[in-house]
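One-letter residues, chain by chain:
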Amino acid sequence: MIPRLGEEEAQAAAEAVRSGWVAQGPRVARFEQVFAASVGAGHGVAVSSCTTALHLALVVLDVGPGDEVIVPSFSFIATANAVRYVGATPVFADVDLATGNLTVATVDAVRTARTRAVIAVHQGGVPFDVDALRSATDRWGVPLIEDAACAAGATAYDLPVGSGATIAAWSFHPRKLLTTGEGGMVTTDDPEYAARLRRLREHGMNVSAADRHASATPVLESYLETAFNYRMTDIQAAIGLVQLGRLPELVQHRRALAARYHELLAPIGGLVPVRDPAHGETNFQSFWVRIDREYGVGRDEVLTELAAAGVSARRGIMAAHLEPAYADVVAGPLPVTERLTRNSLILPLHHALTEADQDHVVAVLRKLAT
């Protein structure tokens, strides 16, 4: 992945620096409004990362010790870590083979009386079936947090991912289509959640620093609860506003590149690339390929050969339950998760990728298959 950052982003950052207001301020407020509108949410609360967004989402839902939160193991480890931050227990559910996402059946299989929330990931930008999972969690009386870290620009049922979500968490890390360097966002339609999220990210203050400085009279703030320092800077938000304007073009370009990968890989047996699910369109944040036995070469050998040919591929999405940090967690059978994490890899896909680059990548894969 290579982020697309140019002169417009540099100028926007420079203007923020010259303004004298570089901490959380007017540009952050503008970015929150525009981003929330772009995903069909009522409120946006900018934070320092998607990890902190997930943490705050669990805090506002009052999840804590003794509670269980269902998560996919097939996700970056931050998804599970956020559950531990609030003292709750992550419970790993398996995923769908084609999408890498939680389903109603896999969540229901591990649901207990102690389940207090579900965190479902739009994995790699592939939207999970939001209608089905939201209906199920509503029926169970369990809030659904959407980990949309990779999903800016993806759609589900013809709506932007995040539209209608109780709470969604977003990432602007450099690997994402929309980047601010580091940073994240929480979106929600609930004004009470939004108000508390704003307090929690800024030490629990009942009035923000920006509002205090804008007031014509002295404002004496209060600290309503023990909270955190999870703010975004105005420099990051200035870059984010430019990036948000680029997002439709970036998604369109990536989808075109993905379509060409699909065409080139189709004749090679045993390679199964990620595709759009029936209910939506992915932004192809990551272009992963599952390697089945028919291919005849193992994933690690493929990565080695690609690297030798100058191709920067990487292993597929991790499985948190196989990491040392979660050795103490007793996980039920997760056969699909383990199959995907051991037999998939991520191919290069970014704005600077050329057709010649794609031809080279596929030529290596084709040669290995012969």
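Presented here is a report on the structure given in the accompanying data block. (Residues numbered from 1 in each chain as written. Predicted model: local features only at pLDDT ≥ 70, side-chain atom pairs only at ≥ 80, totals over all residues. Heavy atoms only, no water.)

## Considerations on the overall build of the protein chain
Turning to step 1, where the next piece is worked out: Each helix and strand counted, the protein chain has 12 helices and 14 strands in total.
Turning to step 2, where the next piece is worked out: Taking 21 Å as the expected radius of gyration for a compact globule of 370 residues, we find that the protein chain reaches 21 Å, a close match to that expectation.
Turning to step 3, where the next piece is worked out: Considered along the principal axes of its C-alpha atoms, the protein chain spans approximately 75 × 55 × 35 Å.
Turning to step 4, where the next piece is worked out: Burial statistics for the protein chain: of 370 residues in total, 54% are counted as buried.
Turning to step 5, where the next piece is worked out: Considering only contacts within the protein chain whose residues lie at least 6 apart along the sequence, 71% involve residues at least 24 apart.
Turning to step 6, where the next piece is worked out: A total of about 15,500 Å² of accessible surface is found on the protein chain, and carbon and sulfur atoms cover 53% of it. (Helix = DSSP H or I, 4+ residues; strand = E, 2+ residues; numbered from the N terminus. Rg over C-alpha atoms; globule rule 2.2 N^0.38 Å. Buried < 20%, exposed > 50% of the residue type's maximum accessible area, 1.4 Å probe, protein only. Contact = heavy atoms within 4.5 Å. Areas by Shrake-Rupley, 256 points an atom, 1.4 Å probe, with all protein chains shown as cover.)

## Points about the environment of D359
Turning to step 1, where the next piece is worked out: Here D359 is to be found in helix α12 (residues 355-369).
Turning to step 2, where the next piece is worked out: Note: C-alpha distance between D359 and Y261 (98 residues apart in sequence) is 8.8 Å.

## Focus on α12
Turning to step 1, where the next piece is worked out: In this model α12 runs 21 Å from its N-terminal to its C-terminal C-alpha over 15 residues, within 8% of the 21 Å that 1.5 Å per residue would give.
Turning to step 2, where the next piece is worked out: Of the surrounding secondary structure, the elements contacted by the buried residues of α12 are α9 (234-265), β10 (271-273), α10 (299-308) and β14 (344-347). (Expected span 1.5 Å × (residues − 1).)

## Structural notes on unusual backbone geometry
Turning to step 1, where the next piece is worked out: Of note, the phi angle at D158 is positive, near 65°, even though the residue is not glycine.
Turning to step 2, where the next piece is worked out: Its place among the elements puts D158 in the loop between β6 (155-156) and β7 (159-160).
Turning to step 3, where the next piece is worked out: Here D158 falls in the exposed class, since its relative accessible area comes to 77%.
Turning to step 4, where the next piece is worked out: In this model, F284 sits at a positive phi of 50°, which is unusual for a non-glycine residue.
Turning to step 5, where the next piece is worked out: Following the sequence through the fold, F284 ends up in the loop between β11 (280-281) and β12 (287-291).

## Considerations on the pattern of salt bridges
Turning to step 1, where the next piece is worked out: Counted according to the given criterion, the structure contains 23 salt bridges.
Turning to step 2, where the next piece is worked out: One salt bridge connects R255 with E281, and the closest N-O pair in it is separated by 3.7 Å. Taken together, the residues R255 in helix α9 and E281 in strand β11 connect sequence positions 26 residues apart.
Turning to step 3, where the next piece is worked out: Residue R255 is classed as partly exposed on the basis of its relative accessible area, which comes to 22%. (Salt bridge = Lys/Arg side-chain N within 4 Å of Asp/Glu carboxyl O.)

## Digging into the pairing of strand β8 (residues 167-171)
Turning to step 1, where the next piece is worked out: Counted residue by residue, β8 has five buried out of five residues, so it is predominantly covered.
Turning to step 2, where the next piece is worked out: Relative to β8, strand β5 (residues 144-147) runs parallel, the two sharing three bridges. Within the sheet, the bridge partner assigned to E146 lies in β8 and is A168.
Turning to step 3, where the next piece is worked out: In this sheet, strand β9 (residues 184-188) lies alongside β8 in antiparallel orientation, the contact comprising four bridges. Bridging from a neighbouring strand, A168 pairs with T187 of β9. (Pairing = 2+ DSSP bridges.)

## What about the side chain of E9?
Turning to step 1, where the next piece is worked out: Along the polypeptide, E9 turns up in helix α1 (residues 7-19).
Turning to step 2, where the next piece is worked out: Among all residues touching E9, those that are not within four sequence positions of it are R4, I239, V242, Q243 and R246.

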